[in-house]
Amino acid sequence: MADRVTVIGWDGSPLTAAARSALGAATLVAGAAHHLALPEVPPRAERIRLGSVSLAARRITGHRGTAVVLADGDPGFFGVVRTLRAPEFGLEVEVVPAVSSVAAAFARAGMPWDDAQVVVAHRRTLRRAVNVCRAHTKVAVLTSPGAGPAELGLLMEGVHRTFVICEELGTDREQVSVVTSDKAPDHTWRDPNVVIVIGGPAGPVAAGEGGGWIAGRDPAAGPRGWVQPDAEYGEGAVLGEGERDLLRSAQLARLGPRVGDLVWDIGCGSGAFATEAARAGAAVIAVDRDLAACVRSESAARRFGVQVQIVHGSAPHVLENLPEPDVVRVGGGGAAVVTAVADRRPQRIVTHAATRDAAELVGRDLTEHGYLVECALLQSVELDTRAWTETERNVVFLLSGTLPQREAPR
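All of these numbers come straight from a predicted model, not from anything done at the bench.

This brings us to the pattern of salt bridges. Summed over all chains, the structure comprises 22 salt bridges. A salt bridge links Arg59 to Glu46, with the nearest nitrogen and oxygen atoms 2.6 Å apart. With Arg59 in helix H3 (residues 53–61) and Glu46 in strand E3 (residues 46–49), this residue pair connects regions lying 13 residues apart in the sequence. As a salt-bridge pair, Arg127 and Asp326 come within 2.6 Å of each other at their nearest N and O atoms. Taken together, the residues span a long stretch of sequence, with Arg127 in helix H6 (residues 126–135) and Asp326 in the loop between strand E13 (308–312) and strand E14 (327–330) at a distance of 199 residues.

With that out of the way, let us pick up the environment of Thr351. Note on placement: Thr351 falls in strand E15 (residues 348–353). With a relative accessible area of 5%, Thr351 lands in the buried category. Setting aside chain neighbours within four positions, we find Thr351 in contact with Gln251, Val330, Val338, Val362, Phe397, Leu398 and Leu399. In terms of polar contacts, Thr351 uses its side chain to reach the backbone carbonyl oxygen of Val330, at 2.9 Å.

Bringing the packing of helix H11 (residues 334–343) against helix H12 (residues 356–368) into the picture now. It is the contact of H11 with H12, at a shortest axis distance of 10 Å, that shows an interaxial angle of 15°. The orientation of H11 relative to H12 falls into the category roughly parallel. H12 is crossed by H11, and the crossing has right-handed handedness. Within the contact between the two elements, H11 uses Ala335, Val338, Thr339 and Ala342 and H12 uses Leu361, Val362, Asp365 and Leu366.

Trp264, Ile266, Val330 and Val341 are the most contacted members of the largest nonpolar core, which has 25 residues in total. Every element with two or more residues in this core is listed here: strand E11 (262–266), strand E12 (283–288), E14, H11, E15, H12 and strand E17 (389–402). Of the residues forming this core, the biggest block, 4 residues, is contributed by H11. When near neighbours in sequence (up to four residues on either side) are disregarded, Val330 contacts Ile266, Val337, Val338, Val341, Ile349, Val350, Thr351 and His352.

Before going further, it helps to spend a moment on the sheet that holds E15. In space, the 7 strands of this open sheet follow the order E13-E12-E11-E14-E15-E17-E16, with mixed pairing throughout. Sheet topology places E13 and strand E16 (372–384) at the edges, where each strand pairs with a single neighbour. Across this sheet, the average inter-strand angle for adjacent strands is 20°, counted without regard to direction. Contacts from helix H8 (residues 245–255) reach E14, E15, E16 and E17 within the one sheet, and its direction differs from that of E15 by about 155°. The sheet strands contacting H12 are E15, E16 and E17, and the helix crosses E17 at an angle near 20°.

A separate point is the side chain of His63. Among the secondary structure elements, His63 is positioned in the loop between H3 and strand E4 (67–72). The class for His63 is buried, based on a relative accessible area of 11%. In terms of polar contacts, His63 uses its side chain to reach the side chain of Thr27, at 2.7 Å.

Throughout the structure, instances matching the rule amount to 3 aromatic pairs. Geometrically, the ring pair formed by Phe77 and Phe78 is edge-to-face, given 5.0 Å between the ring centres and 75° between the ring planes. The exposure class assigned to Phe77 is partly exposed, which follows from its relative accessible area of 31%. Here Phe106 and Trp113 contribute two aromatic rings whose centre-to-centre distance is 6.0 Å and whose plane-to-plane angle is 10°, an arrangement assigned as stacked. For Phe106, a relative accessible area of 0% translates into the label buried. Since its relative accessible area comes to 31%, Trp113 is described here as partly exposed.

Moving on to the side chain of Glu168. Looking at the element boundaries, Glu168 is found in the loop between strand E8 (162–167) and strand E9 (175–180). In contact with Glu168, not counting residues within four places along its chain, are Arg173, Glu174, Arg190, Asp191 and Pro192.

What follows is about a nonpolar patch on the surface. The grouping of Phe77, Phe78 and Trp113 at the surface amounts to a nonpolar patch, some 290 Å² of accessible area in total. Here Trp113 shows up in the loop between helix H5 (101–109) and strand E6 (117–120).

Take unusual backbone geometry next. Cis geometry is found at the peptide bond from Asp191 to Pro192, where omega equals -5°. With respect to the element layout, Pro192 can be found in the loop between E9 and strand E10 (193–198). Pro316 follows Ala315 through a cis peptide bond whose omega is 10°. Relative to the helices and strands, Pro316 resides in the loop between E13 and E14. Even without being glycine, Arg345 reaches a positive phi, approximately 60°. Using a relative accessible area of 26% as the deciding quantity, one classes Arg345 as partly exposed. Within the chain, Trp388 stands out as a residue other than glycine whose phi angle is a positive 55°. On the secondary structure map, Trp388 appears in the loop between E16 and E17.

The rules we used
Residues numbered from 1 in each chain as written. Predicted model: local features only at pLDDT ≥ 70, side-chain atom pairs only at ≥ 80, totals over all residues. Heavy atoms only, no water. Salt bridge = Lys/Arg side-chain N within 4 Å of Asp/Glu carboxyl O. Helix = DSSP H or I, 4+ residues; strand = E, 2+ residues; numbered from the N terminus. Buried < 20%, exposed > 50% of the residue type's maximum accessible area, 1.4 Å probe, protein only. Contact = heavy atoms within 4.5 Å. Polar contact = N/O pair within 3.5 Å; in protein donor to acceptor, adjacent residues only side chain to side chain. Axes fitted to C-alpha atoms, helices over the stretch in contact; angles between N-to-C directions. Parallel < 35°, antiparallel > 145°, perpendicular 65-115°, else oblique. Left-handed = near helix turned anticlockwise from the far one by under 90°. Core = buried A, V, L, I, M, F, W, Y, C linked by side-chain atoms within 4.5 Å. Pairing = 2+ DSSP bridges. Phe/Tyr/Trp six-rings, centres within 6.5 Å; stacked < 30°, edge-to-face > 60°. Patch = residues over 30% accessible without salt bridge, like charges linked within 9 Å, V, L, I, M, F, W, Y side chains within 5 Å. Areas by Shrake-Rupley, 256 points an atom, 1.4 Å probe, with all protein chains shown as cover.

By themselves, these figures tell us nothing about what the structure is for.
In structure tokens:
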């Protein structure tokens, strides 16, 4: 039985001496069709067309001889190495790496990629991959059949991005195309491909000639704190009771927006909550019927260097054509809007009410929609610390609804 397997990365360049040596001794070779057609594959070796890596690993485990797996790019980066190293197979894995598909794609585009987000898009993860593209200005998407450039473009409706699409990297059929996201669905794209998604207002720039200090988004960009003081928003106007910083803190804690999520902020007002949800890495759609509120929200997002899609319109009607949310804050519109949101079945909903009767009405509605409802009375008192006297008091009911069967990440 095989207890060792050599995994060879392939990027289209000539194989290294170590890779040729491992292939020459192989009695079993697994890989895609273009890998198995390489002249270095021994003609007498058993060949496995790589589909399910788990099934191939079981075949390798039961094989008497020397096994080699060929994979595109760096097999340790979103590749086959993770599956082959699973304890259930008991395989010792040796890796001969190559340039990853993501590194090759950015090289073709002539762009740095230490500040890029990297996601894998399968049919089951496509929506979350799209949300990352909505939330960030530079994303590399490792696609798959049924979750490629055309599908990405369709789900990016309402958000303008540029796609750099790299097809069949390292082969004679390699092609690099640059299209806008709305044009991507008009074409048929060859697999495998990598899509670089770029665009949107620029975020904070990393200091220094060498760029940042951590791959992907810099978590230290922008001011410290989940929630910023009220004075940072509203462009000088006093925020309403539904937007005060202590209430926003509680709402963010209940919703827990994260990378891959889509957040709706209905009745966005100053854009404070939308901006802070976007700073957590989530994609955000901010909705308000007041055009001035939309302008303020866009300004706040730009000032903090985050991506927020602004939708001007009245809820609940304007919500009908929006993509499915993961979590929702209802900052205005009352019970009718909460009902419309609950019909879309997001994982979590938060809202607030000024009176107990209003809170009970909303809570009963959420319960009827199958949500587990919590309600808390929040009271904040601001003090002048020079004299320790009360300057302002706010009282509000915070309601949150959680849909139990949707708590697992989609």
